[in-house]
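# Structural features, examined
Each chain, letter by letter, is given below.
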Amino acid sequence: LADVATAFEDALEQLTGVTRVERTGVPEREVQVVVDPVALAQYQLQVTDIVRAIDAHNSTVPVGQLEIDGTAYNVALEGDVQNASAIETIPVATRGAVPIYVRDVATVVDGFAEAATRTRFSEAGNPSQNAVNFAVYKQAGGDITRITERVNQRVTELQADDGLLSSCTVATVL
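First, a word on scope: everything that follows refers to the structure included in this document. Predicted, not measured: the structure shown is a model, and the values here were computed from it.

### Focus on the pattern of salt bridges
As a working rule, side chains carrying opposite charge can pair if their charged atoms are close by. Counted under the stated rule, the structure contains 4 salt bridges. One salt bridge connects R154 with E157, and the closest N-O pair in it is separated by 2.9 Å. With R154 and E157 both in helix α6 (residues 144–158) and 3 residues apart, the pair spans about one turn of that helix.

### Notes on the layout of surface pockets
Roughly 1,100 Å³ of internal volume is contained in the largest pocket. Listed by contribution, the elements that provide at least two residues to the lining of the largest pocket are α1 (2–13), β8 (120–121), β9 (129–130), β10 (133–138) and α6. For the lining of the largest pocket, the per-class residue count stands at 23 nonpolar, 10 polar and 3 charged. As for the second largest pocket, its lining consists of 15 residues, of which G25, V26, P27, A115 and T117 are closest to the centre. For the lining of the second largest pocket, a count of residues per class yields 6 nonpolar, 5 polar and 4 charged.

About the criteria used
- The residue count restarts for each chain, going from 1 along the sequence in the order it is written.
- Totals for whole chains, interfaces and linings use all residues, but because this is a predicted model, local features are given only for residues with pLDDT of at least 70 and pairs of side-chain atoms are given and counted only at 80 or more.
- Neither water nor hydrogens contribute to the side-chain values; these are computed over all heavy atoms in the structure.
- Here, a salt bridge means any Lys or Arg side-chain nitrogen found within 4 Å of an Asp or Glu carboxyl oxygen.
- Numbered from the N terminus, helices here are DSSP runs of H or I no shorter than four residues, and strands are runs of E no shorter than two.
- With a 1 Å grid spanning the protein atoms alone, the term cavity applies to any set of points in which a 1.4 Å probe fits but cannot get out, the term pocket to an open set with protein on both sides within 12 Å along at least five of seven lines, and the term lining residue to any residue with an atom within 4 Å of a point.
- Grid points are joined across faces, edges and corners, and a volume is the space filled by probe spheres set on the points.
- For this scheme, ten residues count as nonpolar: Ala, Val, Leu, Ile, Met, Phe, Trp, Tyr, Cys and Pro. Four count as charged, namely Asp, Glu, Lys and Arg, and the remainder, Gly too, count as polar.

This is the structure in structure tokens:
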């Protein structure tokens, strides 16, 4: 669902007159690095050594957490690494010519952030269901009628039999 929502968001942002699209209802990807304090002590390392090593490798990871002894530290990283397993192989330090990797002092978990909000939708008196909401913002001075027509046309195209939204139920709320 997250991949479909991201692709849909990107498709709408490419439309003339649309400045941005915000979505709610889809959990964001998050990578957590859960540090083993015993391993840190064994290798004489600090949490900051791990953060610096990951940052130095220019890792692309959405905002996540570094956790030690039940305390979570938020970490935002941007760059080239696309998955959690790549973070595990980042060297943190060297002891006696032997590299110490993130996996030696922490467990890396690729998952989803805790939901800050929930989005639900009910139509025609039916029970509400989980939903994804997209708020589309127009450019200043843009013609709201034309922009709305473009958005609706793109949604219709994406709902075609082989389209991105072919397996989704779509409701427009103005």
